[in-house]
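# Chains, contacts and geometry: an overview
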Amino acid sequence: MNSLMFILPALVVALIAVPLVSVARGVKTGKQAKNRVIGNLCMFFGVCLCAFIFPLSAFAAEGGAVAATIMGTSAQGMGFLAAALVTGLAAIGAGIAVAAAAPAAIGAVSEDPKSFGKAIIFVVLGEGIAIYGLLISILIINKL
């Protein structure tokens, strides 16, 4: 049973990483890249669904009280998953916001150097999204 507790997480990580193998080798078209990303997201949410349906705390119950304290409860696991999703999604949103605002700010400053203060505010507002996501994930982890 102890070897299963080490092999199972490695198998889960391998299943999540399988769609990315072809991406690492190089993708020819945008449609193929889109299919790989969709496959990776489906695999990720499938693994999350399996973790919700078959929690690993059942394996810990057979191992005794020490394993149960190491594994934690499924509520703690869902809390850590929520914190990870908050941070990840906030960082993706901030990246999208900065990707749109930074080139426009650079263009505005190159035409009129006096507009630097106004332009930098819009870029910083995009970065604030990631900071808020990190703050919320810290608050979630502190509640666990």
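Everything here concerns the structure above.
Scope of this entry: the structure provided in the associated data block.

Quick notes on the rules
- Residues numbered from 1 in each chain as written.
- Predicted model: local features only at pLDDT ≥ 70, side-chain atom pairs only at ≥ 80, totals over all residues.
- Heavy atoms only, no water.
- Helix = DSSP H or I, 4+ residues; strand = E, 2+ residues; numbered from the N terminus.
- Buried < 20%, exposed > 50% of the residue type's maximum accessible area, 1.4 Å probe, protein only.
- Areas by Shrake-Rupley, 256 points an atom, 1.4 Å probe, with all protein chains shown as cover.
- Expected span 1.5 Å × (residues − 1).
- Contact = heavy atoms within 4.5 Å.
- Axes fitted to C-alpha atoms, helices over the stretch in contact; angles between N-to-C directions.
- Parallel < 35°, antiparallel > 145°, perpendicular 65-115°, else oblique.
- Nonpolar A, V, L, I, M, F, W, Y, C, P; charged D, E, K, R; others polar.
- Polar contact = N/O pair within 3.5 Å; in protein donor to acceptor, adjacent residues only side chain to side chain.
- 1 Å grid on protein atoms, 1.4 Å probe; cavity = no way out; pocket = protein on both sides within 12 Å on 5 of 7 lines; lining within 4 Å.
- Points joined across faces, edges and corners; volume = space filled by probe spheres on them.

Time to look at the overall build of the chain. Looking only at helices and strands, the chain has seven helices and zero strands in total. Sorting the 144 residues of the chain into buried and exposed places 15% on the buried side. Element-wise, carbon and sulfur atoms account for 76% of the exposed surface of the chain, whose accessible area totals about 10,300 Å².

Given 3.6 residues per helical turn, the α-helix brings residues three or four places apart onto the same face. Over its 28 residues, helix H7 (residues 116–143) runs 41 Å from end to end, which matches the ideal 40 Å to within 8%, given 1.5 Å per residue. Turning to H7, its buried residues number three or more, namely Ala119, Val123, Gly126, Gly128, Gly133 and Ser137. Contact partners of the buried residues in H7: helix H6 (74–111).

As a further point, take the packing of H6 against H7. Axis separation between H6 and H7 bottoms out at 8 Å; the angle between their running directions is 175°. Accordingly, the angle class assigned to the pair H6 and H7 is roughly antiparallel. Among the residues forming the contact of H6 with H7, the class breakdown is 23 nonpolar, five polar and one charged.

Examined against the element boundaries, Ser115 turns out to sit in the loop between H6 and H7. Engagement of the side chain of Ser115 in a polar contact is seen with the backbone oxygen of Asp112, the distance being 2.8 Å. Not counting residues within four places of it along the chain, the set of residues in contact with Ser115 comprises Ala108 and Val109.

Bringing the environment of Glu127 into the picture now. Relative to the helices and strands, Glu127 resides in helix H7. Given the relative accessible area of 39%, Glu127 is considered partly exposed. A sequence separation of 37 residues divides Glu127 from Ala90, and the C-alpha atoms of the two residues are 9.4 Å apart.

With 24 residues, helix H3 (residues 30–53) should reach 34 Å at 1.5 Å per residue; the first-to-last C-alpha distance of 34 Å fits that figure. Residues of H3 that are buried include every one of Asn40, Val47 and Cys48, and no others.

Our focus in this paragraph is the layout of surface pockets. Estimated volume of the second largest pocket: approximately 170 Å³. What lines the second largest pocket is simply Leu41, Phe44, Phe45, Ala84, Leu85, Gly88, Leu89 and Ile92. Residue assignment for the lining of the second largest pocket shows that the elements contributing at least two residues are H3 and H6. Tallying contributions element by element places H6 first for the lining of the second largest pocket, with five residues. Classifying every residue of the lining of the second largest pocket by side-chain character gives seven nonpolar, one polar and no charged.

Here we come to the side chain of Ser137. Along the chain, Ser137 turns up in helix H7. Ignoring sequence-local partners within four residues, the contact set of Ser137 consists of Ala83, Val86 and Thr87.

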